[in-house]
Amino acid sequence: MRRGKILVVLGPTASGKSDLAVKLAEKFNGEVVSADSRQVYEGLDIGSGKISDRNMRGIPHHMLDVLPPKKVLTVEEFREKSLNIIDDILARGKVPIVCGGSGFYIQAIVDNTVFPDVPPNPKLRDKLETISAEKLLKKLASVDRRRAKEMDPNNKRRIIRAIEIATALGKVPKTKNEPKYKVFMAGIKTPPDVLKEKIHIRLIYRMKKGMIEEAKKLRASGLSLKRMEALGLEYRYLARHLSGKLNKNQMLVELENEIWKFARRQMTWFRRDKRIKWFDIKKTAQIEKAARKFLK
């Protein structure tokens, strides 16, 4: 069976992935499939950096606003939905462009990795919620060292889910099916000092755009502080601000530092994959040339 070709645009947060994906879609008659663990939720717009309708420039975008933030989209559900969308894009003779910074989600698509369907264990979750992320990671490592090494050490929700699966099955199995697609993976490389500055500028912009007001609106709609905390990064620190644990300035300082740490973890994850070809974001002509050669 002939495998369809897809493009993947990846890189750390604030590196300019969304804009590049739109440019490639315009060049190659493409549609964008988001691979972001927070942008799948409705109402998480400013804090997650969700692309605006204006910046989409008429290019169809998929896997945004998939479900309410009170619910949880598993990686396996993300994989199934994304593969169906990609198959549809290919069937219409267009080019799927996967864009995001969630390495786990990108891996699920590119490697067609199947994750186990283990139902939630509410009692276990309540018990684990009281434990720090550091201790949870050690607990996971005691039952599944390989999976623990892959985890974001600050993402309690993911670590708890991994422990939940390991408790049910003995470890966290991953099944790699035959990859469905031929893939060209373009990574955006950015000097650390430049990326730090971009993160700072973007955070200030989001604050001016109404990031705190967005969090208040989510609370008013019934989203709990516990769930907001579990959504991670911006929403974790917004929850701490709304609960009075951090004032505005403290929140900004701690959040900016955490975003920078997150960007470094993203790069650590991506560097493991030798299939990724790295490009300077300013040299889009090189990226387009390489993508065109691949699509031929």
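Report follows, based on the coordinates. Not measured: the values here are computed from a predicted model.

### Notes on the overall build of the protein
Then step 1. Regarding its fold elements, the protein presents 14 helices and eight strands.
Then step 2. Taken against the 2.2 N^0.38 rule, which gives 19 Å for 296 residues, the C-alpha radius of gyration of the protein at 19 Å falls within 12% of a compact globule.
Then step 3. Overall, the C-alpha framework of the protein stretches about 55 × 45 × 35 Å when taken along its three principal axes.
Then step 4. The proportion of buried residues among the 296 residues of the protein is 50%.
Then step 5. Of all intrachain contacts in the protein linking residues separated by at least 6 positions in sequence, the fraction that spans at least 24 positions is 76%.
Then step 6. Surface accessibility of the protein: about 15100 Å² in total, with carbon and sulfur atoms responsible for 51%.
Then step 7. The centroid of the 65 positive side-chain charges in the protein is displaced by 4 Å from the centroid of its 35 negative side-chain charges.

### Let's talk about the pairing of strand 2 (residues 30–34)
Every other side chain in a regular strand lies on the same face of the sheet, so the side chains alternate between the two faces.
Then step 1. Of all the five residues making up strand 2, five are buried; the element is thus mostly covered by neighbouring parts of the structure.
Then step 2. Residues of strand 2 alternate between two faces, with Gly30, Val32 and Ser34 on one and Glu31 and Val33 on the opposite face, all of them buried.
Then step 3. Summarising the sheet, strand 2 and strand 4 (residues 95–100) pair through five bridges and their orientation is parallel. Each bridged residue has a counterpart across the sheet, and for Ser34 the counterpart in strand 4 is Cys99.
Then step 4. When strand 2 meets strand 3 (residues 61–62), the two strands line up parallel, connected through two bridges. Paired with Val33 across the two strands is His62, which belongs to strand 3.

### Brief notes about helix 9 (residues 192–209)
Then step 1. Over its 18 residues, helix 9 extends 25 Å from the first C-alpha to the last, a length consistent with the 26 Å expected when each residue adds 1.5 Å.
Then step 2. Of the surrounding secondary structure, the elements contacted by the buried residues of helix 9 are helix 10 (211–220), helix 12 (233–242) and helix 13 (248–271).
Then step 3. Just downstream of helix 9 lies Gly210, where phi reads positive at about 115°.

Parameters at a glance
- Residues numbered from 1 in each chain as written.
- Predicted model: local features only at pLDDT ≥ 70, side-chain atom pairs only at ≥ 80, totals over all residues.
- Heavy atoms only, no water.
- Helix = DSSP H or I, 4+ residues; strand = E, 2+ residues; numbered from the N terminus.
- Rg over C-alpha atoms; globule rule 2.2 N^0.38 Å.
- Buried < 20%, exposed > 50% of the residue type's maximum accessible area, 1.4 Å probe, protein only.
- Contact = heavy atoms within 4.5 Å.
- Areas by Shrake-Rupley, 256 points an atom, 1.4 Å probe, with all protein chains shown as cover.
- Lys, Arg positive; Asp, Glu negative; His and termini not counted.
- Charge placed at Lys NZ, Arg CZ, Asp CG, Glu CD.
- Pairing = 2+ DSSP bridges.
- Expected span 1.5 Å × (residues − 1).

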